[in-house]
Amino acid sequence: MMYYSTSDRSHRVGGRQAVLAGLAPDGGLYMPEHIPVLPQRFFDELRSKSLHEIGFVVASTFLGDDVPAEELYKIVSGALNFEIPLVRVGDAHVLELFHGPTLAFKDVGARFMARLMSYFVQSSKKDDGRELTILVATSGDTGSAVANGFYNVPGIRVIVLYPSGKVSELQERQMTTLGGNITALEVDGVFDDCQRLVKQAFVDPSLMAALKLSSANSINIARLIPQMFYYFWAMAQLPEGEPHVVTVPSGNFGNITAGLMAKRMGLPIDRFIAATNENDVVPQYLISGEYQPRPSVATISNAMDVGAPSNFVRMLDLYAGDVQAMREDLVGIKISEQQTRETIARVQHQYGYTLDPHGAVAYNACERSVKRGVVIETASPAKFGDVVEQEIGMTIEIPERLAQCLNKEKTSVKLSGEFMELKEFLLR
Ligand SMILES: *Cc1c(COP(=O)(O)O)cnc(C)c1O
């Protein structure tokens, strides 16, 4: 499989290069040259397949030319070493994607990407001996998942940029207490500043010449590929007769883009609902046909506080810029802060199920539209204990693996939003 840049379709590279580079040199995002439809037999047998079997088939479709089958199976099964259950909550079915080490869905993409990159670095024939530097901008969850996924992986160092004071204490601890090959940069600004700095680094010729740089944001195709697995897995578990509609809490739109790609592979999903908080640039686009990115606003579902979703170019690419075509597959719904809080309280009360703020945005969007089908829950409520406890009036226990990092000391490097400062740090 070859991959092209969304900025220039004639720029094509193989899977290894697309994954190691992250972003195309022209600033575009990599997309697979084509999205093959899987054979009908695969779908006929979907319900009897395991998550690892499904993951292997999907991963082979996109990476089969670059990774030997045996290695790829090891990468899939090593990355997905936790459960992804589909549980009934009210009239809907919630796909719990938070049983990984950092209790958020980004573990899926980060763990797969770390193993894949490690394979590429270690199997590289013309390895020049320089370590790979992974730059990642985070609004909270990406940084902890990526830092955790890459921790102690040889030949790779990870630099995480996060907005100072805008991530939860738990998220901050998860990024700043690992040490080793993980460095946390605390940026004076918002998430979009962090993302801008990372993007700038990738188009800076002197940095690119001096370092082997790569990205671990959802712009890396290595994160989208494993995110497709669980859409197949959700449909494999969904009881007969339920509507094939999936509601996805969205920020940078990497999660839902993977879902749209799974649909292109023939997965029978009739429609996706993109649920956002107040940062509703994409729902607005679906209404007006005009894309107007704007500065993000802070909400309680802070991993979705994105004003210029990085995967939007991939969505445009999938639909060749045709908003009408996109509307056939995708509906956008904005959920307010108050509705989010009310949903956490009500779902606890009615069904005894505790949603986190991100899942609550999706659950409420589902209630307001199809009412049934699959709702994606992206984080454990324990990660957002402060907000959730206020709404449900009970304490939530912090799982052991999270509690541990609360006792360790935070180490971070402070940075202004100036690109020169980041550059100097990287070249030190
Ligand atoms: C990152 C994140 C999201 C948003 O996912 P995107 O792929 O950026 O749309 C939603 N919920 C949680 C908990 C997240 O960490």
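Check the entry above for the structure.
Let us look at the structure shown here. (Residues numbered from 1 in each chain as written. Predicted model: local features only at pLDDT ≥ 70, side-chain atom pairs only at ≥ 80, totals over all residues. Heavy atoms only, no water.)

## Overview of the sheet that holds strand β13 (residues 374–377)
Here comes step 1: Pairing in this open sheet of six strands is mixed, and the strands run β4-β5-β13-β10-β11-β12 from one edge to the other. Strands at the two margins of the open sheet, each flanked by one partner only, are β4 (86–89) and β12 (330–334). When strand polarity is set aside, the average angle formed by the axes of neighbouring strands in this sheet is 25°.
Here comes step 2: Direction of pairing for β4 relative to strand β5 (residues 92–96): antiparallel, over a ladder of four bridges. Among the inter-strand pairings, Leu86 is bridged to a residue of β5, identified as Leu95. (Pairing = 2+ DSSP bridges. Helix = DSSP H or I, 4+ residues; strand = E, 2+ residues; numbered from the N terminus. Axes fitted to C-alpha atoms, helices over the stretch in contact; angles between N-to-C directions.)

## Some remarks on the packing of aromatic side chains
Here comes step 1: Overall, the coordinates contain 10 aromatic pairs when judged by the stated rule.
Here comes step 2: Ring plane angle 85° and centroid distance 5.8 Å describe the contact between Phe112 and Phe229, whose orientation is recorded as edge-to-face. Of this pair, Phe112 sits in helix α5 (residues 106–123) while Phe229 is found in helix α10 (residues 221–237), placing the two residues 117 residues apart along the sequence.
Here comes step 3: Geometrically, the ring pair formed by Tyr285 and Phe312 is edge-to-face, given 4.9 Å between the ring centres and 80° between the ring planes. Here Tyr285 is found in helix α12 (residues 281–288), whereas its partner Phe312 is found in helix α13 (residues 312–318), with 27 residues between them in sequence. (Phe/Tyr/Trp six-rings, centres within 6.5 Å; stacked < 30°, edge-to-face > 60°.)

## Topic: helix α3 (residues 51–63)
Here comes step 1: With 13 residues, α3 ought to run about 18 Å at 1.5 Å a step, and its terminal C-alpha atoms sit 18 Å apart, in line with that.
Here comes step 2: Regarding α3, the residues found buried are Leu51, Ile54, Gly55, Val58, Ala59, Thr61, Phe62 and Leu63. Buried residues of α3, seen end-on, are gathered within an arc of 165° and therefore sit on one face of the element.
Here comes step 3: On the buried face of α3, the contacting elements are β1 (2–5), β3 (30–32), α2 (40–44), α4 (69–79), α5 and α10. (Expected span 1.5 Å × (residues − 1). Buried < 20%, exposed > 50% of the residue type's maximum accessible area, 1.4 Å probe, protein only. Arc of directions from axis to C-beta. Contact = heavy atoms within 4.5 Å.)

## Examining the site of the ligand
Here comes step 1: Within the structure, the ligand sits among 15 residues, and Lys106, Asp141, Gly251, Asn252 and Thr378 are positioned closest to it.
Here comes step 2: At 2.4 Å from an oxygen atom of the ligand is found a side-chain nitrogen or oxygen belonging to Lys106.
Here comes step 3: A distance of 2.8 Å separates an oxygen atom of the ligand from a polar backbone atom of Gly251.
Here comes step 4: Burial of the ligand by the surrounding chains reaches 98%, relative to a free accessible area of 380 Å². (Near = heavy atom within 4 Å. Polar contact = N/O pair within 3.5 Å; in protein donor to acceptor, adjacent residues only side chain to side chain. Areas by Shrake-Rupley, 256 points an atom, 1.4 Å probe, with all protein chains shown as cover.)

## Some words on the pattern of salt bridges
Here comes step 1: For the coordinates displayed, the defined rule picks out 19 salt bridges.
Here comes step 2: Note that Arg9 is salt-bridged to Asp317, the shortest N-O span being 3.4 Å. Of the two residues, Arg9 sits in strand β2 (residues 8–14) while Asp317 sits in helix α13, which places them 308 residues apart along the sequence.
Here comes step 3: By relative accessible area, Arg9 is classed as exposed at 52%.
Here comes step 4: Residue Glu169 is joined to Arg173 by a salt bridge in which the shortest nitrogen-to-oxygen separation is 3.6 Å. Taken together, the residues span about one helical turn, with Glu169 and Arg173 both in helix α7 (residues 169–176) at a distance of four residues.
Here comes step 5: One continuous salt-bridge network, built from bridges that share partners, spans Glu172, Glu186, Lys410 and Lys414. (Salt bridge = Lys/Arg side-chain N within 4 Å of Asp/Glu carboxyl O.)

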